[in-house]
Amino acid sequence: MIEIQKRIREIAKAKDMLILAHSYQPPEIQDTADIVADSLELARRSRDSKAKKIILCGVKFMAESASILNPDKKVILPAHDAGCPMADMIDADQLREEKRKHPNAVVVAYVNSSAEVKAESDLCCTSANAAKLVASLEEDEILFVPDQYLGSWVAEQVPSKKIHLYPGFCPIHQRFTEEDILRIKGENPDAVVLCHPEAPPRIRRFADKILSTSQMIRHAQSSSETRFIILTETGIAHPLAKACPEKQFIFPDSRIKCANMGKTTLENLLEACETEELEIKVPENIRVRAEKALERMIALG
Ligand code: 13P
Ligand code: SF4
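Asks: How do you make sense of the sheet that holds strand β4 (residues 74-76) when you look at a structure like this?
Replies: Sheets are built from strands paired through backbone hydrogen bonds, the pairs being either parallel or antiparallel. One open sheet holds the 4 strands; their spatial order is β2-β1-β3-β4, and the pairing between them is parallel. Looking along the sheet, the strands with just one partner apiece sit at the ends: β2 (35-37) and β4. The sheet shows a mean angle of 25 degrees between the axes of neighbouring strands, direction not considered.

Asks: How do you make sense of the site of ligand 1 when you look at a structure like this?
Replies: As a structural note, the neighbourhood of ligand 1 is formed by 14 residues, with H22, S39, S127, H196 and E198 the closest of them. Between ligand 1 and the protein, one listed contact pairs an oxygen atom with a backbone N or O atom of S39 at 2.8 Å. Within the contact set of ligand 1, an oxygen atom lies 2.8 Å away from a side-chain nitrogen or oxygen of E198. Class assignment for the residues of the shell around ligand 1 results in 5 nonpolar, 7 polar and 2 charged.

Asks: How should I be thinking about helix α1 (residues 3-14) in this particular structure?
Replies: Residues three or four positions apart in an α-helix share a direction because the helix packs 3.6 residues into each turn. Compared with the 16 Å implied by 1.5 Å per residue over 12 residues, the 17 Å span of α1 between its first and last C-alpha is a close match. Turning to α1, its buried residues number three or more, namely Q5, I8, I11 and A12. Projection of α1 onto a plane perpendicular to its axis shows the buried side chains occupying an angular sector of 125 degrees, all on one side. Relative to its buried face, α1 has exposed residues pointing more than 90 degrees away, namely E3, K13 and A14. Buried positions along α1 lie against β1 (17-22), α2 (27-30) and α13 (266-275). Just beyond α1, the residue with positive phi is D16, at close to 55 degrees.

Asks: Looking at this structure, I do not really get helix α8 (residues 148-157). What am I missing?
Replies: Of the positions making up α8, those classed as buried are Y149, L150, G151, S152, W153 and V154. As for α8, its buried residues are in contact with β5 (106-110), α7 (130-136), β7 (141-145), β8 (162-165), α10 (201-204) and β10 (209-210). Measuring from the side-chain oxygen of the N-cap residue of α8 to the backbone nitrogen of Y149 gives 2.9 Å; that N-cap residue is D147.

Asks: Honestly, the pairing of β5 in this entry has me stumped. Any pointers?
Replies: As a general feature of sheets, a regular strand has side chains that alternate between the two faces. Counted residue by residue, β5 has 5 buried out of 5 residues, so it is predominantly covered. Note that β5 and β7 share 4 bridges and pair parallel. Directly across from V107, in β7, lies its bridge partner L143. Sheet analysis places β5 next to strand β6 (residues 123-125), joined by 3 bridges and oriented parallel. Directly across from V108, in β6, lies its bridge partner L123.

Asks: Even after reading the chapter, I still don't get the state of the cysteines, so can you show me in this structure?
Replies: One way to say it: the disulfide is the covalent bond shared by the sulfur atoms of two cysteines. Counting across every chain of the model gives 0 disulfides. C195 forms no disulfide, and the closest cysteine sulfur to it belongs to C170, at a distance of 11 Å.

Asks: Would you explain the site of ligand 2 in this entry?
Replies: Close contacts around ligand 2 come from Y24, C84, P85, M86, N112, C170, I172, E198 and C258, and that covers them all. Along the lines of polarity and charge, the residues of the shell around ligand 2 split into 7 nonpolar, 1 polar and 1 charged.

Asks: Please explain the packing of helix α3 (residues 39-48) against helix α4 (residues 60-69) as it appears in this structure.
Replies: The axes of two packed helices give the description: the angle between them and the distance between them. Viewed as axis vectors pointing N to C, α3 and α4 meet at an angle of 35 degrees, and their least axial separation amounts to 9 Å. Relative to α4, the crossing made by α3 is right-handed. Note on element contacts: α4 touches α3 through F61, M62, A66 and L69, opposite S39, L42, A43, S46 and R47. For the contact of α3 with α4, the per-class residue count stands at 6 nonpolar, 2 polar and 1 charged.

Asks: For this particular structure, what's the right way to read the nonpolar core?
Replies: Among soluble globular proteins, nonpolar side chains are generally buried collectively. Grouped together as the largest cluster of nonpolar side chains are 72 residues, with contacts concentrated most on V108, V154, L231 and M297. The residues touching V154, leaving out its near neighbours within four places in the chain, are A130, A131, V134, F144 and I163. Formed by 16 residues, the second largest nonpolar core is a distinct cluster that contains A12, M17, I19 and L270.

Reading the values: the criteria
Residues numbered from 1 in each chain as written. Chains lettered and ligands numbered in written order. Predicted model: local features only at pLDDT ≥ 70, side-chain atom pairs only at ≥ 80, totals over all residues. Heavy atoms only, no water. Pairing = 2+ DSSP bridges. Helix = DSSP H or I, 4+ residues; strand = E, 2+ residues; numbered from the N terminus. Axes fitted to C-alpha atoms, helices over the stretch in contact; angles between N-to-C directions. Near = heavy atom within 4 Å. Polar contact = N/O pair within 3.5 Å; in protein donor to acceptor, adjacent residues only side chain to side chain. Nonpolar A, V, L, I, M, F, W, Y, C, P; charged D, E, K, R; others polar. Expected span 1.5 Å × (residues − 1). Buried < 20%, exposed > 50% of the residue type's maximum accessible area, 1.4 Å probe, protein only. Arc of directions from axis to C-beta. Contact = heavy atoms within 4.5 Å. Disulfide = S-S within 2.5 Å. Left-handed = near helix turned anticlockwise from the far one by under 90°. Core = buried A, V, L, I, M, F, W, Y, C linked by side-chain atoms within 4.5 Å.

Remember that the coordinates give geometry; whether it matters functionally is a separate question.
Okay, here's the thing in structure tokens:
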């Protein structure tokens, strides 16, 4: 650890802070955090922790989820302007309009959405549990927002449900091209293709397995395969290499990076720990409604 990382760790310990980082965060941020995980585990770990303060190295919807689930804890987002373009593709008014079009549908919101959208939803899901949660619902009609691609993958997994899709998407996973994937598969015919469900179907069709970020890491650790083509944001290269130093991970295009995930720096992380100023707080009338949708997700697994 370099000096600034040691300083951050000292402050976190002294102030009873838990530092959480998403697996797309820059390597030096992941190496400073207490826990590196996917969106589902970050939500769970924030809730299970006894720490008084949570420093969320990620994007706004993750910090909001932590704040919704932990009204008594102070939640701080060091990269205060780190949003998610997909989450911004739907707001509460647009969701209310969709609900009017599908009055009998259960609303399932991917956690990559604002607190206001979660408050208008019946249930949240992440990429790790979306298919399982939709399959467990008694109702047959679902309105899935905002990610049309995660939604279409869920629809393939659970064909018995009628799923209405909203046209949101992750602009990062949208950038993969068929040409790049065909080239990289041609160069590495033995490699297993792991793909995130935010990728569009034209990319997903090349995958051997569709997995969330934490599921990819666990799969790489537990499988006997040694070479993998990874179709998701390239920040995941760091936890994959740490978890499996002897295995090889191949990325079709190293420029496929989420600019918002890259906004956390050691400098703004240190400042956030020192000043505690960059708090994310959700208005109570929205928080209590959003909490129901998030808690229902956690209860269902
Ligand atoms: P997971 O953490 O669910 O794998 O999600 C990816 C993502 O886009 C987070 O922004
Ligand atoms: Fe949003 Fe995509 Fe970035 Fe995740 S990778 S934060 S979904 S823009």
